[in-house]
Amino acid sequence: VVVLNFSLGFSPNLHRSPNTGKIFGNARLPVKSVSLCAKIENELVGNEGNIGKIQSVVAKSMMMAYIASMCVALPLAMAPPAILHKFNIIKKARREHYSARLGQFCARWLMRVFPFANVSVIPASDGKQEEDPSVWVCNHTSMLDIFFLMATSKKLRGKNARPIKIIYWKQLEENPVNRIFFKSCGFIPIDMAANKAGEANEYDKKGFKSLLKSCKKAFAEGFDIGILPEGQLNPTPEKGLQPVFAGAFTLAKMSRRPIRMLAIHGAHRLWHPDENIGMKVTSRKVKLRAYPKGRQFTSADDFKESFSKIVGYFGAKGSDISMKDLHHYLFGKDQDNQEDIFEWMKGLVPKGSSKAKLSAAA
C-alpha cells in the first residue's frame, strides 16, 4: 500500500487502514484511492486473522509443489534401503528403520524449501531420553497430517524416539507412492469398506488377528505403533472429534504398552477433508502437540473420554484444557494434592515461573 501511494505521487504522510488500524503512508489519499488501498490490503492480509486471496494462492501453490516433490522424493529415498535389503546386506527391520528416517528427512527438508505452512510444535520432553515402546494416538483433520507428523517428528517426539509403524487403510495402496512408502516403512494395513469423511466405518474383523501379530512383531523390532482412533478424516474438527474407536486401547492392553497422545490443529485450513472445500487455504497456522508420559488406561471408555477431552479440545482450539484437567486425564489421578500438580508442571512451564503463576495456570 505504501508503494502504491508513492507511485501515485502522493506525499508520504500517514494513513490508518480502515480494516486493521495499521498505519500506512498518506493521510491525504482521495476516497477512491483509500478504497483501493483497503481492497489491496484485503487481498494481501485478509480480514479477522485469515490470510488474503493472494497469500492463499501462494500458499496453495507451494503446498501443491511440496506434495508433488514428496511424490518424487519418497520413491527415490526408499530405493537405497530396498537395494541393500534385496542383496541381503541389511535385514528387513533395518530397511524399515532407514526408510522411516529417510521419509522424515524428505518431509522436513522439503517443507523448508516450500514453506506453505507456519508450523509450531509443542514437544513432549527435551528429547534426550528414549521413551518406552508405546502406542501413539492422534486426531485426523487433513490429508496433510502424515506430512506434518513426519516433518516434525524429530522435534515433536525427540531425536531418540523409536520410529512409528502406522496402521492405515489398505485401500490407500491404490496410490503407487503411498504403496511404495508404506511398504518400505513396514506400515500395517487394515481392510475397511470405502466411505466418505463422517460416514461410519465397516472393518474386516478377520484381519484383526493378523494386525495384532504385526504390532507385536513391530514392538520387538524397535518400533512404536501409530493409530488414528477416529478411523477416518474429521470434516468438523472445530466441533471436536468423530466417534472414537477403542482399537488403540485393545492393542495397548494386549501388548501391555502405554498409550501416548499427539494432537494436530489447523491442518484442515490448508487441505480440508470436505471435498466441497478441498485445498481452499484459509490459514497457514498449524500446531502440533505431543503429550508427556504414557498411560495404561483402565477401560475403553476411560481411554475414549481422555482422548476426546485432551486431543479433541486441542484439535478444535489449538490450546490445552486446564492443567488440572490435563493432569487428571493423562495420569488418571485425583487432583486433591496440588503439590503433585506443581511437580508435574515444572517441565511444562518456562524456568523462572513462580509457584503463584503455576497455581494460576492450574
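The rules behind each value
Residues numbered from 1 in each chain as written. Predicted model: local features only at pLDDT ≥ 70, side-chain atom pairs only at ≥ 80, totals over all residues. Heavy atoms only, no water. Patch = residues over 30% accessible without salt bridge, like charges linked within 9 Å, V, L, I, M, F, W, Y side chains within 5 Å. Areas by Shrake-Rupley, 256 points an atom, 1.4 Å probe, with all protein chains shown as cover. Salt bridge = Lys/Arg side-chain N within 4 Å of Asp/Glu carboxyl O. Lys, Arg positive; Asp, Glu negative; His and termini not counted. Charge placed at Lys NZ, Arg CZ, Asp CG, Glu CD. Helix = DSSP H or I, 4+ residues; strand = E, 2+ residues; numbered from the N terminus. Buried < 20%, exposed > 50% of the residue type's maximum accessible area, 1.4 Å probe, protein only. Pairing = 2+ DSSP bridges. Axes fitted to C-alpha atoms, helices over the stretch in contact; angles between N-to-C directions. Core = buried A, V, L, I, M, F, W, Y, C linked by side-chain atoms within 4.5 Å. Contact = heavy atoms within 4.5 Å.

A.B. asks: It is not clear to me how a positive patch on the surface should be interpreted in this structure. Could you clarify?
C.D. replies: A grouping of K92, K209, K213 and K217 is seen on the molecular surface, where their side chains present a positively charged patch. Counting through the fold element by element, K92 comes out in helix α4 (residues 92-113). Under the relative-accessibility criterion, K92 is labelled partly exposed at 49%.

A.B. asks: What's the story with the sheet that holds strand β4 (residues 135-138) in this structure? I'm lost.
C.D. replies: Paired through their backbone hydrogen bonds, the strands of a sheet run either parallel or antiparallel. With respect to topology, seven strands assemble into an open sheet ordered β3-β9-β8-β4-β7-β5-β6, the strand pairing being mixed. Unpaired on one side and paired on the other, β3 (118-122) and β6 (188-190) mark the two borders of the sheet. The average angle at which neighbouring strand axes cross in this sheet is 20 degrees, direction not considered. Pairing geometry for strand β8 (residues 259-265) and strand β9 (residues 285-290), over four bridges, is antiparallel. Within β9, the residue paired with H265 across the bridge is K287.

A.B. asks: Explain the nonpolar core to me, please; I cannot follow it from the model alone.
C.D. replies: In summary, soluble globular proteins display a tendency toward joint burial of nonpolar side chains. In terms of nonpolar packing, the biggest core is built from 43 residues, with Y66, M70, F116, L144, F148, F181 and L270 touching the most fellow members. Every element with two or more residues in this core is listed here: α3 (53-86), α4, β4, α5 (145-157), β5 (164-169), α6 (176-185), β8 and β9. Top contributing element to this core by residue count: α3, with nine residues. Within the second largest apolar cluster, 32 residues are counted, among which are L251, A252, F303 and L326.

A.B. asks: Any chance you could explain the side chain of R295 here in plain terms?
C.D. replies: Structurally, R295 can be placed in the loop between β9 and α9 (300-317). Apart from residues no more than four positions distant in its own chain, R295 is found in contact with P258, I259, D302, S306, H328, Y329, L330, F331 and G332.

A.B. asks: Looking at this structure, I do not really get unusual backbone geometry. What am I missing?
C.D. replies: For residues other than glycine, phi is negative in most cases, and the peptide bonds are mostly trans. Of note, N88 is a non-glycine position whose phi angle comes to about 60 degrees, a positive value. As for its position among the elements, N88 is in the loop between α3 and α4. Phi angles above zero are rare outside glycine, and K293 is one such case at about 70 degrees. Relative to the helices and strands, K293 resides in the loop between β9 and α9. Given the relative accessible area of 53%, K293 is considered exposed.

Interpretation in functional terms is not warranted from these geometric data alone.
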